[in-house]
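These are the residues of each chain, in order.
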Amino acid sequence: MATVEHASAKPAAHQTSTGLDNAKIAMWAFLGSECLLFGAMISTYLLYRNHGATGTPLPHEVYDIPFTSVSSFVLLMSSLTMVLALASIQRGDHHGTRVWLIATALLGMTFVSGQVYEFTIFVREGFTVRSSPAGSAFFVLTSFHGAHVTVGILMLLSLVSMSLRGRLPTERATAVEYVGLYWHFVDVVWIVIFTIVYLVPAK
Amino acid sequence: MTFYALGLIILGLSSTVAAVNFLTTIINLRAPGMSLMRMPVFVWMTLVVQFLLIFALPVITVALFQLFFDRTLGTNFFSSANGTSDPVLWQHLFWLFGHPEVYILILPAMGIVSEVLPVFARKPLFGYPVVVFSGIAIGFMGWGVWAHHMFAVGLGPVANTAFALSTMFIAVPTGVKIFNWMATLWGGSIRLKAPMLFSLGFIAMFTIGGLSGVTHAIVPSDYQQTDTYYIVAHFHYVLFGGAVFGLFSGIYYWWPKITGKLLNDTIGKLHFWLMIIGFNLTFAPMHILGLQGMVRRTYRYPKGYGFDFWNMISTIGGFTIALSLLVFFYNVYKTRKEGQVAGNDPWDARTLEWTTTSPPPEYNFEEIPVVHALDDFWHRKYVEDKEGRLVPVPSGAQDPGGDQAAHATEAHSEGHGIHMPSQSYMPLLAALGMPLIGWGLTFHQWWLAIVGGLVVLSGLYAWALEPATEE
């Protein structure tokens, strides 16, 4: 990510072959790589979702679909605020940019907090990362996603602090755009996870 | 094993970052006029490899994380302490990475050979677009063959048949390339210099390896060969006879460009012949040993099974390969001391890297060349007469090169002619944090891992903010 920020921070000093910014292509390539990361973990979950252990619950016996639906909705709304942040900086409205970036980060934090809360409930019910192969697959997949959201929050807050110190002028709107690409990607991955892991019945 | 898992995760991370970088560079920072279908085949194959890397590495990363968590957090991905896990998952994840990985190894070598053959046959590469598209086809189909490493696992007849078919099918673009290389040589004026010998060795050895590969694409035949020395023989023919010979071809070919001095050709030829004889002595007998039933991954075998003679031949061959490498290192040493100065274009080559000095300056080209054709440099040096014979272009004539110089000067005067690499210590700092994290996690010294994490983070932040402080 830093590579991307680094390159995007510099205005394109020379013509590129495709006319696109290098950092944009690099970000898309990186996100392509991430697809396979989550793909492999989702496949593992699909293989193991019915591999329980005696005396411990299976994932579908502990899910709280209404609760997770709400936190999914919160994460989806953060994509809207991210778009508004990008629109603001492209208009040159730096105050608005900061407001929407902070809103996006807060929505992301709400989601992560919801995930932590959900995990504690699951652990109390005996569904843990050690309890069964299904538990291992579920927790590793969802916590990797949570870690991605956390990294995204860090990048959003970095943008806010850069903006406050006047280091995020309108010419560098691309920095917001690329963090946005990452953020939307993490959102889309969650839609896939929520559908496949939570909503699709196991048996 | 924790060490192994973490080491490979960090290595995979570095490969991913490099792949993103190469991919962006090839797609986005080509010289003016360098359309994709004017790119050297080596660059094309490098591009395909970067796609394979960014998509294959995350798969093994996930498998390694699962292994790491099994060992440190007590998860149940591969160990069945709680509930029944499925170790075949590891095989699937590993080979879904592992098979594209073999193409990651061989495609650059194929690219090198596609550069070397036209130069030393003094003919353009036969069927350039077909060679490029075959490389892309191999890159795509490489994703659909991984379970041929797992025929003996018991996936069932349907899966085995499907993967047997896809495996036989991937031999087609590979065969297409081999025929294109042979057609490139056909009627050429061939110069048997050391790089050329290694490229020819590549074609011959890789073809043998490819043919033995097709024999274990056939499932019943593979049941007999699985985990025997026959497999060892096969993959050494493709990875040593293929990739390593290709790499040596590239080393001899580009050594003068990189260092400014030509490797001694006579010693290079000695190196080649010792290596190809040693290679065949070492690995050809393994076909026989494998079919006789000698299992792989063993350093000892009982007497009286008929293994002794061929193993002795193999040992002799192994030492011959070692000797050939000594010859190579002597060549490097001798070249450093008294090597012939190469000049810009010692091979009368075809591609643009030979227009700049040897070794090239940090900025590579004083003026970024404008590209008008495939093998642009060749067309600046030679035109064809009415009978299709090559005629050198007199120096100073109005050829595309002169046009290019005018263009480039123009571009240069506008102030974006040269792209100097930006220099920063911060990526190094970020990278230095990685081994600290690895060490801390391996030996359960969590504070060290945290320190490493902070070093990485501060390196990345300092790097990201650096240009702002320069302005």
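Predicted model, so just to flag it, every value in this text is computed and none were measured.

A. Molecular detail of unusual backbone geometry. Residue and element names in this part refer to chain B. Following Ser358, the chain continues to Pro359 via a peptide bond in cis, the omega torsion being -10°. Mapped onto the secondary structure, Pro359 falls in the loop between strand 2 (340-341) and helix 11 (376-381). Residues other than glycine seldom take positive phi values, yet Arg122 does so here, at roughly 50°. With respect to the helices and strands, the residue Arg122 is situated in the loop between helix 3 (88-121) and helix 4 (128-141). Here Asp348, not a glycine, exhibits a phi torsion of approximately 55°, which is positive. Within the secondary structure layout, Asp348 lies in the loop between strand 2 and helix 11. Given 15 C-beta atoms within 10 Å, Asp348 falls into the partly exposed group.

B. The interface of chain A and chain B, seen in detail. Counting residues at the interface gives 38 residues for chain A, matched by 37 residues for chain B. Contributions of two or more residues to the side of chain A that touches chain B are made by helix 1 (2-9), helix 2 (22-48) and helix 6 (133-164) of chain A. Top contributing element to the side of chain A that touches chain B by residue count: helix 2 of chain A, with 14 residues. Among the residues making up the side of chain A that touches chain B, the classes are represented as 17 nonpolar, 16 polar and 5 charged.

C. A look at the packing of helix 5 (residues 157-185) of chain B against helix 6 (residues 194-215) of chain B. All names here are of chain B. Between helix 5 and helix 6, whose axes approach to 11 Å, the crossing angle comes to 160°. The orientation of helix 5 relative to helix 6 falls into the category roughly antiparallel. Helix 5 and helix 6 meet at a crossing whose hand is left-handed. The segment helix 5 lies against helix 6, with Met168, Ala171, Thr174, Ile178 and Trp181 engaging Ile203, Thr207, Gly210 and Val214. Split by residue class, the contact of helix 5 with helix 6 holds 6 nonpolar, 3 polar and no charged.

The rules behind these values
- All residue numbers here refer to positions counted from 1 along the written sequence of the relevant chain.
- Chains carry letters from A onward and ligands carry numbers from 1 onward, assigned in written order.
- Only residues with pLDDT of 70 or above have their local features reported here, since the model is predicted, and side-chain atom pairs are shown and tallied only from 80 upward, although totals for entire chains, interfaces and linings are computed over all residues.
- Each helix corresponds to a stretch of at least 4 residues labelled H or I by DSSP, and each strand to a stretch of at least 2 residues labelled E; elements are numbered beginning at the N terminus.
- Three classes are used. A residue is buried when 20 or more other C-beta atoms lie within 10 Å of its own, exposed when 12 or fewer do, and partly exposed in between, with C-beta atoms placed from the backbone.
- Residue pairs are scored as contacts if the distance between their C-beta atoms, which are placed from the backbone, is within 7 Å.
- For this scheme, ten residues count as nonpolar: Ala, Val, Leu, Ile, Met, Phe, Trp, Tyr, Cys and Pro. Four count as charged, namely Asp, Glu, Lys and Arg, and the remainder, Gly too, count as polar.
- Between N-to-C directions, angles span 0 to 180 degrees; the directions come from axes that are lines fitted to C-alpha atoms, helices contributing only their stretch in contact.
- Convention used here: angles under 35 degrees read as roughly parallel, angles over 145 as roughly antiparallel, angles from 65 to 115 as roughly perpendicular, and any remaining angle as oblique.
- Should the near helix be turned anticlockwise from the far one by less than a right angle, the crossing is left-handed, and should it be turned clockwise, the crossing is right-handed.

Structural measurements only, silent on function.
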